[in-house]
Amino acid sequence: MAAASSATLKSSSVIDKCEWIKGQSLRQASAAFVRCHPTSPSALTVRASSYADELVKTAVKNNCIPPGRGILAMDESNATCGKRLASIGLENTEANRQAYRTLLVSAPGLGEYISGAILFEETLYQSTTDGKKMVDVLVEQNIVPGLVPLPGSNNESWCQGLDGLSSRTAAYYQQGARFAKWRTVVSIPNGPSALAVKEAAWGLARYAAISQDSGLVPIVEPEILLDGDHGIDRTFEVAQKHGYSGCRKQGQGHPAASSRLHLKLLHRRIPPAVPGIMFLSGGQSEVEATLNLNAMNQSPNPWHVSFSYARALQNTCLKTWGGRPENVKAAQDTLLVRAKANSLAQLGKYTGDGESEEAKKGMFVKGYVY
Ligand code: 13P
């Protein structure tokens, strides 16, 4: 993946480099706009271009956020995918990544519960083991393909890669992608410094504007890492101050308390006009992630509150597969079990009954890199 890396924030020179955008109008008029008011009274107005209608269709009507559906994040970088494959004794070869991702995208009936799939760039251009484009298989399943144009970065760090992003997003659109995701993280134990938070916000805003201009609905993914010994109240305080979401840490095992704080935060910070809010699983067990999502949907929300899970959808599936062709069907069945459980949780109807011990195992890894 071109120009994708992270770098540690060491000085304030980054802010100086970004100051030039204040007050400048980056796009010409059309529908669907986002307004930012960064630090000066002169507003930065960003408007979507010729894709405005299609963006709305993708985000709202064209399957991205219908009731009972969510997103399968299968966008692990090659390095991270390699760790997953190693956990079942497989080498990190393109053929093994292709076999695993073929299994995921072609699970029969997946589109009933999954509306979008986030791909790593390799998968966007890849065919299944039987020679069909992965993207076409997803579209046949009524799943909108999207991709991650860049990995995020951890601790006090920022995302790089805005340079040249517009030509990459234009190429991704041509290849069939209709949405994109950009994750940027802050770490409470390492700060978060005002500089890291501001950089994250600006990076996300500019990525979103560039994606929209290429016809990709931007998923804006700010994340507070789970790492640290602080309590849920400290996470809430940071999240509220900075408009982030993700205060699971000390709410683990207490879905009702955790969801109460999440909803309080979201109601205070997220306008109802935002169509959907998708949660990551972030290292929770499969069951815990589903229980937490279910708790969030016990009463009507102004937004579609759903999932964009990688680990909490794939863990049991990967282990069941174990790299053996004869296990593909069983692995796809377990993927469907998780997808259906999260679909029920999106509707607030998940009970947690009959879950396997494997699905209850936590997956938190300190300093996890996606
Ligand atoms: P996890 O569910 O493993 O945290 O990853 C989610 C993700 O990448 C969402 O885009």
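(A) Fine view of the packing of aromatic side chains. Inspection of the entire model under this criterion finds four aromatic pairs. Geometrically, the ring pair formed by Trp182 and Tyr207 is tilted, given 5.1 Å between the ring centres and 35° between the ring planes. Placement of the pair is Trp182 in strand E8 (residues 179–186) and Tyr207 in helix H8 (residues 194–213), with a sequence separation of 25 residues. Neither Trp182 nor Tyr207 differs from the other in exposure class; each is buried. Over the aromatic face of Tyr173 sits the side chain of Arg178, whose NZ or CZ is 3.7 Å from the ring centroid.

(B) Region of the structure containing the site of the ligand. Taken together, 14 residues surround the ligand, and among them Lys181, Arg183, Ser281, Gly282 and Arg311 come closest. A distance of 2.8 Å is found between an oxygen atom of the ligand and a side-chain nitrogen or oxygen belonging to Arg183. Ala310 is positioned such that a nitrogen or oxygen atom in its backbone is 2.9 Å from an oxygen atom of the ligand. Protein chains shield 99% of the accessible area of the ligand, which is 310 Å² for the free molecule. For the shell around the ligand, the secondary structure elements donating two or more residues are E8 and strand E11 (304–309). Counted by class, the shell around the ligand contains six nonpolar, three polar and five charged residues.

(C) Layout of the pattern of salt bridges. Throughout the structure, instances matching the rule amount to 15 salt bridges. When the shortest N-O distance is used, the salt bridge between Glu140 and Lys132 registers 3.0 Å. Residue class for Glu140 comes out exposed when judged on its relative accessible area of 55%. Shared partners join several salt bridges into a network, and the residues in it are Asp75, Lys181, Arg183 and Glu221.

The rules behind each value
- Residues numbered from 1 in each chain as written.
- Predicted model: local features only at pLDDT ≥ 70, side-chain atom pairs only at ≥ 80, totals over all residues.
- Heavy atoms only, no water.
- Phe/Tyr/Trp six-rings, centres within 6.5 Å; stacked < 30°, edge-to-face > 60°.
- Helix = DSSP H or I, 4+ residues; strand = E, 2+ residues; numbered from the N terminus.
- Buried < 20%, exposed > 50% of the residue type's maximum accessible area, 1.4 Å probe, protein only.
- Lys NZ or Arg CZ within 6 Å of the ring centre and 35° of its normal.
- Near = heavy atom within 4 Å.
- Polar contact = N/O pair within 3.5 Å; in protein donor to acceptor, adjacent residues only side chain to side chain.
- Areas by Shrake-Rupley, 256 points an atom, 1.4 Å probe, with all protein chains shown as cover.
- Nonpolar A, V, L, I, M, F, W, Y, C, P; charged D, E, K, R; others polar.
- Salt bridge = Lys/Arg side-chain N within 4 Å of Asp/Glu carboxyl O.

Shape descriptors only; they carry no functional weight alone.
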